[in-house]
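If you want the building blocks of each chain, they are given just below.
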Amino acid sequence: MTSRTPGADARTTPTVGGSDAPGGSARQHHGNRHGRSEQARLAVIEAADDLLVEKGFAGVTMEGIAARAGVAKQTIYRWWSTKTDVLMDAFLEDAAEDLTVPDSGDLARDLRDYLRRLAHFLAKSDSGAVFRALIAQAQHDPAFGRDFRAKWLDPQRRRDRLALERAIADGRLPADLDIAGETDRLVGPLYYRVLITDEPVDAPYTDALVEAFLDRHARPAAP
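Sequence order as written defines residue numbering, which begins from 1 separately in each chain. Note on the predicted model: pLDDT of at least 70 is required for a residue's local features to be given, and 80 or more for side-chain atom pairs to be given and counted; whole-chain, interface and lining totals, by contrast, use all residues. For the side-chain quantities, the full set of heavy atoms in the structure was used; hydrogens and water were omitted.

Participant: Before we go on, may I ask you to explain the overall build of the chain in this structure?
Facilitator: Assigned secondary structure in the chain consists of nine helices and zero strands. Secondary structure elements of the chain, listed N to C terminal, follow the sequence α-α-α-α-α-α-α-α-α. Per-residue burial for the chain yields a buried fraction of 46% across its 223 residues. By element, 52% of the accessible surface of the chain is carried by carbon and sulfur atoms, the whole surface being about 11200 Å². Secondary structure counts use DSSP, requiring at least four H or I residues in a row for a helix and at least two E residues in a row for a strand, with both numbered from the N terminus. Three exposure classes are used, based on accessible area relative to the maximum for each residue type with a 1.4 Å probe and protein chains only: buried under 20%, partly exposed in between, and exposed over 50%. Using a 1.4 Å probe, the Shrake-Rupley method yields the accessible areas, and only the shown protein chains count as cover for residues.

Right, here's the structure in full:
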């Protein structure tokens, strides 16, 4: 991918030969007993990401992914059934890598950092383009929508809540905080702007969400 969340290392696209046979030129990856090669897998994921950004969802095909990745189409079908499955795996992997939750001990700093990361990921990164395409696909394919939400929503909600849970555990936030509700108030506006209104989710906007949260819960009331 060409656009990454700030602070995240860019994933390097591996060089993969066009043949699946062992000993092909420039092939040094090692598959397991099923022939699955981590280097080839990453090349396929990278190719799917890049094609989506260049051509849009309709322009991504299994043939195109195979050609861009330098693998046989049969190789892709051993691991994924559809292009949507490839894109979902790419997106989930990027989210796990890019949306790490900071833990500096300063709640305000950690929340600002995390919301800025999330906003960039959703609105500016290539991963965000994949996310928006998958959300659109989920509206037309209920079975895929259920699968996508199951694989994305649970781990993402854990990431979104983590800074608040840490702060509750060490006494920086009240023990009876409505974690689910406050998480929605912090991150929900980002999804609304990215997916509905297309308004900016820049640092001043995300910082304002954090300030409003801190005013509600982490600062003493004015006398």
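Participant: Looking at this structure, how should I read the nonpolar core?
Facilitator: Buried together is how nonpolar side chains tend to be arranged in soluble globular proteins. What is meant by a nonpolar core is a set of buried Ala, Val, Leu, Ile, Met, Phe, Trp, Tyr and Cys residues, joined one to another through side-chain atoms within 4.5 Å. Grouped together as the largest cluster of nonpolar side chains are 61 residues, with contacts concentrated most on Val44, Ile65, Ile76, Leu190 and Phe213. For this core, the element with the highest residue contribution is helix 5 (residues 107-123), accounting for nine residues.

Participant: Help me understand helix 2 (residues 62-69), please; the structure alone is not making it clear to me.
Facilitator: An α-helix turns once per 3.6 residues; consequently, residues spaced three or four apart project the same way. Every buried residue belonging to helix 2 is among Met62, Ile65, Ala66 and Ala69, and all of these are buried. Seen from one end, helix 2 has its buried residues packed into an arc of 100 degrees, which puts them on one side. Contacts are residue-level and defined by heavy atoms, with any inter-residue pair within 4.5 Å sufficient. Contacts made by the buried residues of helix 2 are with helix 1 (38-55), helix 3 (73-79) and helix 4 (83-98). Backbone geometry just downstream of helix 2 places Gly70 in the positive-phi region, at approximately 75 degrees. What the arc describes is the spread of directions from the helix axis to the C-beta atoms.

Participant: I'm lost on the pattern of salt bridges in this one. Help?
Facilitator: Two side chains bearing opposite charge may form a pair once their charged atoms approach each other closely. Here, a salt bridge means any Lys or Arg side-chain nitrogen found within 4 Å of an Asp or Glu carboxyl oxygen. Across all of its chains, the model carries 15 salt bridges by this definition. Among the ionic pairs, Asp147 bridges to Lys151, the shortest N-O distance being 3.5 Å. Of the two residues, Asp147 and Lys151 are both situated in helix 7 (residues 142-169); the distance of four residues between them amounts to about one turn of the helix. On the basis of relative accessibility, which here comes to 29%, the residue Asp147 falls in the partly exposed class. Here Lys151 falls in the partly exposed class, since its relative accessible area comes to 39%.

Participant: Help me understand the confidence of the model for the chain in this model?
Facilitator: Any region with low pLDDT has predicted coordinates that should not be read closely. Mean pLDDT for the chain: 83, with 82% of residues reaching 70 or above. A residue's pLDDT is simply how confident the predictor is in it, with values from 0 to 100. This stretch, residues 1-35, has a pLDDT under 50; its non-local contacts, to residues over four places away or in other chains, come to 69 contacts.

Participant: What is the right way to read the packing of helix 5 against helix 9 (residues 203-217) from this model?
Facilitator: Packed helix pairs are characterised by how far apart their axes lie and by the angle those axes make with each other. Note on geometry: axes are lines fitted to C-alpha atoms, helical ones only across the stretch in contact, with angles between N-to-C directions running from 0 to 180 degrees. The N-to-C vectors of helix 5 and helix 9 enclose an angle of 140 degrees; their axes lie 9 Å apart at closest approach. Accordingly, the angle class assigned to the pair helix 5 and helix 9 is oblique. In this structure, helix 5 meets helix 9 at a crossing whose hand is right-handed. Along its contact with helix 5, which presents Leu107, Ala108, Leu111, Arg112, Leu115, Arg116 and Ala119, the element helix 9 presents Ala203, Thr206, Asp207, Leu209, Val210, Glu211, Phe213 and Leu214. Across the contact of helix 5 with helix 9, the residue classes break down as 10 nonpolar, one polar and four charged. Note that the term roughly parallel is reserved for angles under 35 degrees, roughly antiparallel for angles over 145, roughly perpendicular for angles of 65 to 115, and oblique for everything else. By convention, the crossing between two helices is left-handed when the near helix turns anticlockwise from the far helix through less than a right angle, and right-handed when the turn is clockwise. In this classification, Asp, Glu, Lys and Arg are treated as charged, Ala, Val, Leu, Ile, Met, Phe, Trp, Tyr, Cys and Pro as nonpolar, and every other residue, Gly included, as polar.

Participant: I tried to follow the packing of aromatic side chains on my own but got confused; where do I start?
Facilitator: The way to describe two aromatic rings as a pair is by their centre distance and the angle between their planes. Under the pairing criterion, centres of Phe, Tyr and Trp rings, with the six-membered ring standing for Trp, must be within 6.5 Å; the plane angle then separates stacked pairs below 30 degrees from edge-to-face pairs above 60, leaving the rest tilted. Under the criterion given, the structure shown has nine aromatic pairs. Where Trp79 meets Trp80, the ring centres are 5.5 Å apart and the plane angle is 75 degrees; that geometry is what we call edge-to-face. Classification of Trp79 as buried rests on a relative accessible area of 15%. Overall, the relative accessible area of 3% leaves Trp80 in the buried class. Here the aromatic cluster, defined as three or more aromatic residues joined through ring pairs, consists of Phe91, Phe121, Phe131, Phe144, Phe148, Trp152 and Tyr191.

Participant: Just checking my understanding: could you explain a nonpolar patch on the surface for this structure?
Facilitator: Exposure above 30% relative accessible area and the lack of any salt bridge qualify a residue for a patch; like charges then connect within 9 Å, and the nonpolar side chains Val, Leu, Ile, Met, Phe, Trp and Tyr within 5 Å. A cluster of nonpolar side chains, Tyr192, Leu195 and Ile196, forms an exposed patch at the surface whose accessible area comes to about 320 Å². The residue Ile196 is located in helix 8 (residues 179-197) in this model.

Participant: What is the right way to read the environment of Glu46 from this model?
Facilitator: Inspection of the secondary structure puts Glu46 in helix 1. Since its relative accessible area comes to 3%, Glu46 is described here as buried.

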